Amino acid sequence: MQNSRRGAVDPFIVMDVMEAARAAEAAGRSVIHMEVGQPGTPAPEGARRALAKALEEDALGYTVALGLPALRARIAKLYGEWYNVDLDPARVVVTPGSSGAFLLAFTGLFDAGDRVVLGKPGYPSYRQILRALDLEPVEIETKPENRLQPVPAELRDTAFDGLLVASPSNPTGTMLNKDAMEALVGLCADKGAAFISDEIYHGVEYEAKAVTALEVSDDVVVINSFSKYFSMTGWRAGWMVVPPGMVRQIERLAQNLFICAPHASQVTALAAMDCEEELQGNLAVYAANRKLMLEGLPKAGFDRIAPPDGAFYIYADVSHLTDDSRAFAAEILDGTGVAVTPGLDFDPARGAGTLRFSYARSTADIIEGLARLQTYMATRQQKP
Ligand SMILES: Cc1ncc(COP(=O)(O)O)c(C=O)c1O
């Protein structure tokens, strides 16, 4: 049998780093995980209790394709609480993680060959999912002066069918403010292109609240997830908000592609949305970690960094220290037991000179990791 051409997507390099970290741990070394993009905390306690009750009382069979009505209503309410946006629950679709939402959005919006603009650096799976669907990722190199987010001037002369932005972004943690969001949504409207906003890191913000694209327009697709702020990566629960005219299209696709998001995870997610105190506690840990990282990384020689507005990553320019971030990450793991992610996943060209540090784990881990990095880098300041 022959493999398809469109299925030949690139591997996720961070997975190789995770495997190297696992092997080091299996060999008895202590590893500090600054490579992983997920909270170290479980789903909130109240959510786990709600699931335990449901396991006793409910068969937890399929749900309807768009998701449990109570969960869709609770998600709509969140838009009132977080952004003062009045959202009709009929426009909310519960998905198997935001990853499931990308599949639905891309198949619901685009035909084979359509061109979808992505900013580089960005979350690598966007381009791989697009390729697997025979769509064309159009990647633009974002600029440090624009905080590594796309701006309309870079796109005016480009033909495209869709634009996907992430705010806060992975790997940079930078956000689009309302003016920047408005300008990009306006550009897409002028060009008749779809606007997709990945808002998976909303809730994990430090100085200002992130802006949802729904504050700007109803003619957008918003994608979000229970993975990050709600600390539920492995549960595979996310959601999307679509324009009213798109609900039925997405419903038909969801029925056929997934049937539904996992029922047990939907029950857990619904209860998680009312565990504000525990989730704010997690956020306070990220905020403390962020402060430590912003002080500690420059002392280790990683001083070319921009303070992240949200998420739990710091993206560092290390081009003065290496021109091979993959080898550098391996060297750091070997020399310090700290696992970090080379930028190549996020930006195949410029990523050779960047690293992503995650601070989603405990504060004790961050303190230890920074101390190890500082000790090691004190003797290794130049390109080898
Ligand atoms: C920017 C971004 N979008 C989407 C995802 C996928 O998340 P999930 O499928 O768990 O919702 C991730 C995961 O790290 C991410 O960083």
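Bear in mind the structure is a predicted one, so any value in this text is a computation, not a measurement.

K.L.:
Mind showing me how you'd approach the pairing of strand β8 (residues 238-241) here?
P.N.:
For a regular strand, side-chain orientation follows a simple rule: the groups alternate between the two sheet faces. Going residue by residue along β8, you find G238 and M240 tucked away on one face and W239 and V241 tucked away on the opposite face as well. Where strand β2 (residues 92-95) lies against β8, four bridges are found, and the strand directions are antiparallel. In the sheet register, V92 faces β8, and the bridge partner there is V241.

K.L.:
I would appreciate a short explanation of the sheet that holds strand β4 (residues 136-141) in the present structure.
P.N.:
In a beta sheet, neighbouring strands pair by backbone hydrogen bonds and run either parallel or antiparallel. Pairing is mixed in the open sheet, where seven strands are placed in the order β2-β8-β7-β6-β5-β3-β4. Looking at the sheet topology across the chains shown, the edges are occupied by β2 and β4. In this sheet, adjacent strand axes meet at a mean angle of 20° when their direction is disregarded. Against the sheet, helix α3 (residues 69-83) touches β2, β7 (221-225) and β8, its axis set at about 115° to β2.

K.L.:
In this structure, what is going on with the pairing of β7? I would like to understand it.
P.N.:
Burial analysis of β7 places five of its five residues in the buried class, which makes it a mostly covered element. By the alternation rule, side chains of β7 split into V221, I223 and S225 and V222 and N224, which are all buried. Pairing of strand β6 (residues 194-198) with β7, which is carried by three bridges, proceeds in the parallel orientation. Of the residues in β7, the one forming a bridge with S197 is V222.

K.L.:
How do you make sense of helix α8 (residues 263-272) when you look at a structure like this?
P.N.:
Think of an α-helix as 3.6 residues a turn; residues three or four steps apart then line up on the same face. For α8, a buried count of eight out of 10 residues is recorded, marking the element as mostly surrounded by other parts of the structure. Buried within α8 we find H263, S265, Q266, V267, T268, A269, A271 and A272. Those residues of α8 that are buried are in contact with α2 (45-57), α3, β2 and α9 (276-299).

K.L.:
Is there a simple way to think about the nonpolar core in this case?
P.N.:
Within soluble globular proteins, side chains that are nonpolar generally end up buried alongside one another. Formed by 82 residues in total, the largest nonpolar core has its most connected members in Y79, F195, F226, F302 and F357. Element by element, the count of residues in this core is highest for α3, at seven residues. In this structure F357 touches M34, M293, L297, F302, F312, Y313, I314, A316, V340 and L373, once residues within four positions along its chain are discounted.

K.L.:
Explain the site of the ligand to me, please; I cannot follow it from the model alone.
P.N.:
Around the ligand, 14 residues are found, and the nearest of them are S99, D198, S225, S227 and R236. The side chain of D198 places a nitrogen or oxygen atom 2.7 Å from a nitrogen atom of the ligand. Y201 is positioned such that a nitrogen or oxygen atom in its side chain is 2.7 Å from an oxygen atom of the ligand. Taking 400 Å² as the accessible area of the ligand by itself, protein coverage stands at 92%. Among the elements that line the shell around the ligand, the one with the most residues is helix α4 (residues 97-109), at four residues.

Quick notes on the rules
Residues numbered from 1 in each chain as written. Predicted model: local features only at pLDDT ≥ 70, side-chain atom pairs only at ≥ 80, totals over all residues. Heavy atoms only, no water. Buried < 20%, exposed > 50% of the residue type's maximum accessible area, 1.4 Å probe, protein only. Helix = DSSP H or I, 4+ residues; strand = E, 2+ residues; numbered from the N terminus. Pairing = 2+ DSSP bridges. Axes fitted to C-alpha atoms, helices over the stretch in contact; angles between N-to-C directions. Contact = heavy atoms within 4.5 Å. Core = buried A, V, L, I, M, F, W, Y, C linked by side-chain atoms within 4.5 Å. Near = heavy atom within 4 Å. Polar contact = N/O pair within 3.5 Å; in protein donor to acceptor, adjacent residues only side chain to side chain. Areas by Shrake-Rupley, 256 points an atom, 1.4 Å probe, with all protein chains shown as cover.

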